[in-house]
Amino acid sequence: MILRLLDRRLGPDPKDFVTSGLKVLMELVTDIGLPNWVFDLVLVEDKTMANLNGQFRDKDDVTDVLSFSYLLENGLGKCDLEAGNFGAKTDLWVDPLAKSLIGNGKIEIGEVVLAPSFIKSRCLEKGWSVESEIPLLVVHGSLHLMGWDHQNKEEARAMKELEKTYLTGCGLPHPLQNEERLD
């Protein structure tokens, strides 16, 4: 997949890890999805993230990452990506309306939204490394685009193992390997 960065923050910090580590983040997602699939990594203020979380998840607080997939898990004809390939949990079809969104054979397949200020604050509070957390969240959000979820312990373990595979493939550790995360 191809990652496009869209910074929607009011006062973006050009020195934060998302912008300074963009090359690493792009490398992390190259083997997820198909090579001509593009997703937007959207950076937002905490208030915007809280509004999105309330609107789409009925949760009134800020969160670290939200994913919005334009892929369909049911479609007509042969699927565009079969389950088990390139990180897909289920068979996936490209929404016919999305095929024309980008030229040059590129197909827009979704958005991963991050709240860098919230992520940095939480990392400071928990003693986590922002430089490890941001790549994890980008992979995590990308896997959500591919049909993965973590609503129960079995799904969460499987998703975490796949996250670890992509992170270690780029020489990065999984910062939360020993923690359970259901939300």
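Residues numbered from 1 in each chain as written. Predicted model: local features only at pLDDT ≥ 70, side-chain atom pairs only at ≥ 80, totals over all residues. Heavy atoms only, no water.

Caption draft 1: Quick peek at the overall build of the protein chain. Scanning the protein chain for helices and strands turns up 6 helices and 6 strands. Its helices and strands taken in sequence order, the protein chain reads β-α-α-β-α-β-β-β-β-α-α-α from the N to the C terminus. Seen through its principal axes, the protein chain has C-alpha atoms that stretch 50 × 35 × 35 Å. Burial analysis of the protein chain (183 residues in total) assigns 44% to the buried set. Put simply, of all contacts in the protein chain between residues at least 6 apart along the chain, 66% involve residues at least 24 apart. Total accessible area computed for the protein chain in this model is approximately 9,700 Å², and 51% of it derives from carbon and sulfur atoms. The centroid of the 20 positive side-chain charges in the protein chain is displaced by 2 Å from the centroid of its 30 negative side-chain charges. (Helix = DSSP H or I, 4+ residues; strand = E, 2+ residues; numbered from the N terminus. Buried < 20%, exposed > 50% of the residue type's maximum accessible area, 1.4 Å probe, protein only. Contact = heavy atoms within 4.5 Å. Areas by Shrake-Rupley, 256 points an atom, 1.4 Å probe, with all protein chains shown as cover. Lys, Arg positive; Asp, Glu negative; His and termini not counted. Charge placed at Lys NZ, Arg CZ, Asp CG, Glu CD.)

Caption draft 2: Representation of helix α3 (residues 46-57). Along its 12 residues, α3 runs 15 Å from first to last C-alpha, staying within 8% of the 16 Å computed at 1.5 Å per residue. Of the residues making up α3, those classed as buried are Met 49, Ala 50, Leu 52, Asn 53 and Gly 54. Tucked inside the fold, the buried residues of α3 contact β3 (65-69) and β6 (107-114). Just beyond α3, the residue with positive phi is Asp 58, at close to 55°. (Expected span 1.5 Å × (residues − 1).)

Caption draft 3: Representation of unusual backbone geometry. The backbone phi angle of Asp 58 is positive, close to 55°, even though this residue is not glycine. For Asp 58, a relative accessible area of 70% corresponds to the exposed category. With a phi close to 50°, Phe 86 is a non-glycine residue in the positive phi region. Topologically, Phe 86 is positioned in the loop between β4 (71-72) and β5 (93-94).

Caption draft 4: Just the pattern of salt bridges, in detail. In total, this model carries 7 salt bridges according to the counting rule given. In this structure, Glu 108 engages Arg 4 in a salt bridge whose closest nitrogen and oxygen atoms are separated by 2.5 Å. Taken as a pair, Glu 108 in strand β6 and Arg 4 in strand β1 (residues 2-7) lie far apart in primary sequence, 104 residues in all. Where Lys 89 meets Glu 155, a salt bridge forms, and the shortest distance between an N and an O atom there is 3.9 Å. (Salt bridge = Lys/Arg side-chain N within 4 Å of Asp/Glu carboxyl O.)

Caption draft 5: Summary view of the sheet that holds β6. On the basis of which strands lie adjacent, the open sheet formed by 4 strands has the order β1-β2-β6-β3 and mixed pairing. Looking at which strands have only one partner, the edges of the open sheet turn out to be β1 and β3. Pairs of neighbouring strands in the sheet enclose a mean axial angle of 20°, with direction left out of account. The sheet contact formed by strand β2 (residues 37-43) and β6 spans 7 bridges and is parallel. Among the inter-strand pairings, Trp 37 is bridged to a residue of β6, identified as Ile 107. Sitting on the sheet, α3 touches β3 and β6, and the angle it makes with β3 is about 50°. (Pairing = 2+ DSSP bridges. Axes fitted to C-alpha atoms, helices over the stretch in contact; angles between N-to-C directions.)

Caption draft 6: The arrangement of the nonpolar core in detail. Ranked by size, the top nonpolar core spans 40 residues in total, and within it Trp 37, Phe 39, Leu 41, Leu 114 and Met 146 carry the most contacts. Going through the elements one at a time, α1 (17-20), α2 (22-28), β2, β6, α4 (116-126), α5 (130-145) and α6 (153-169) are the ones with two or more residues in this core. With 7 residues, α5 is the largest single contributor of residues to this core. Counting 8 residues, the second largest nonpolar core, distinct from the first, contains Met 49, Leu 52, Leu 66 and Phe 68. (Core = buried A, V, L, I, M, F, W, Y, C linked by side-chain atoms within 4.5 Å.)

Caption draft 7: Seen up close, the state of the cysteines. This model, assessed by the stated rule, comprises 0 disulfides. For Cys 123, which is in no disulfide, the shortest distance to another cysteine sulfur is to Cys 170 and amounts to 19 Å. Since its relative accessible area comes to 1%, Cys 123 is described here as buried. (Disulfide = S-S within 2.5 Å.)

Caption draft 8: The layout of surface pockets, seen in detail. Considering only enclosed or pocket space, the second largest pocket measures out at about 250 Å³ in volume. Contributing to the lining of the second largest pocket are 14 residues, with Asp 13, Asp 16, Phe 17, Pro 116 and Lys 120 lying nearest its centre. Broken down by secondary-structure element, the contributors of at least two residues to the lining of the second largest pocket are α1, α4 and α5. Of the residues contributing to the lining of the second largest pocket, the split by class is 5 nonpolar, 2 polar and 7 charged. (1 Å grid on protein atoms, 1.4 Å probe; cavity = no way out; pocket = protein on both sides within 12 Å on 5 of 7 lines; lining within 4 Å. Points joined across faces, edges and corners; volume = space filled by probe spheres on them. Nonpolar A, V, L, I, M, F, W, Y, C, P; charged D, E, K, R; others polar.)

Function cannot be inferred from these measures alone, as they are strictly geometric.
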